[in-house]
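# Survey of secondary and tertiary structure
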Amino acid sequence: MPLFTRKPAVTVEDFCREFYDRSIFHPVISGADLTNSMWDVMYDEVLKVDPSIEQVDRAAFYAEMTALRLELFSLAFLHNLRSDDFSVRQVMFTDKYLVEEGRADLEAALPEYTNAVSESAMDTATGEKARRGRAAFLNAYHVGVYKKLAERAEKAGIRDKAYFQGVATTLNRYDTNGAWRQTLTHRRLAFTLAKRLGIEPNEQGWLRPQTFIDGMYEGASGAISRVRLV
């Protein structure tokens, strides 16, 4: 075996389609459709520690977990690649894919999870003064990156509204690495999931979904690390 092996080169769009098809929307193993199998396992795991989940229809749980997994894939994409261009392309492709799949419900749900990620960037600051400083920094940072990408788009002749929407969505995930490492993002996402499901979990009901959140993020990171995106 050679000391170094070259990672396969794949476009952002082809990689996202492959991951979405095989891991999220249409997973099939040995001819068996496993689309909802993972969500069933997670539902049952939460049920073991928090009976409030029984109030939630399983189909509603599946949809929310799918939206959450898409958000975690997007976050892992940005954290691992640290590329404005790749992340904007990933956001644009995701929107296109959801239209193809007829999943307007997921398109509607995703912004709440993205906002939760964005809000977690503030949670690394404690105290009123620190939070004001953090807010000022993030605002200036976002404005600076947006201007840079807008100038790049103008030079390239890009005027597509979807591109600029992709930029805005990507910026909401910026500078969240620290919050992720401190599990602050996990908490925000778990809170948003519970709110959208209309439940008030007990302590274990809060913690169990956070382990799922971590696992889905790590799974996406692993897949991303095995390819060379172009």
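A short tour of the structure in this document, coming up. (Residues numbered from 1 in each chain as written. Predicted model: local features only at pLDDT ≥ 70, side-chain atom pairs only at ≥ 80, totals over all residues. Heavy atoms only, no water.)

### Notes on the layout of surface pockets
When its volume is computed, the largest pocket comes out at roughly 270 Å³. Considering the residues around the largest pocket, the lining is formed by 16 residues, among which D95, L110, P111, T114 and T169 are closest to the centre. With five residues, helix α5 (residues 104–120) is the largest single contributor of residues to the lining of the largest pocket. Of the residues belonging to the lining of the largest pocket, the class tally is four nonpolar, eight polar and four charged. Lining of the second largest pocket is provided by L78, H79, R82, S83, D84, Y141, R173, Y174, D175 and N177. When grouped by side-chain class, the residues that make up the lining of the second largest pocket number three nonpolar, three polar and four charged. (1 Å grid on protein atoms, 1.4 Å probe; cavity = no way out; pocket = protein on both sides within 12 Å on 5 of 7 lines; lining within 4 Å. Points joined across faces, edges and corners; volume = space filled by probe spheres on them. Helix = DSSP H or I, 4+ residues; strand = E, 2+ residues; numbered from the N terminus. Nonpolar A, V, L, I, M, F, W, Y, C, P; charged D, E, K, R; others polar.)

### A short note on the nonpolar core
Membership of the largest hydrophobic core comes to 51 residues, with the highest contact counts inside it found for F15, Y20, F61, L68 and F77. Of all the secondary-structure elements, those providing two or more residues to this core are α1 (12–25), α2 (37–49), α3 (58–81), α4 (84–101), α5, α9 (184–197) and α10 (203–225). With 11 residues, α3 is the largest single contributor of residues to this core. (Core = buried A, V, L, I, M, F, W, Y, C linked by side-chain atoms within 4.5 Å. Buried < 20%, exposed > 50% of the residue type's maximum accessible area, 1.4 Å probe, protein only.)

### Notes on empty space enclosed by the protein
Applying the stated criterion to the full structure yields one cavity of 30 Å³ or more. In this structure, the largest cavity occupies an estimated 100 Å³ of space. Looking at the largest cavity, it is lined by 14 residues, and the ones nearest its centre are V46, L193, I199, G205 and P209. Mapped by element, the contributors of at least two residues to the lining of the largest cavity are α3, α9 and α10. With four residues, α9 is the single largest residue contributor to the lining of the largest cavity. Tallied by class, the residues present in the lining of the largest cavity amount to 12 nonpolar, one polar and one charged.

### Let's talk about unusual backbone geometry
Phi at D175 takes a positive value of approximately 55°, unusual for a residue other than glycine. Of note, D175 is situated in the loop between α7 (161–171) and α8 (177–181). A positive phi is found at T183, a non-glycine position, where the angle reads about 60°. Relative to the helices and strands, T183 resides in the loop between α8 and α9.

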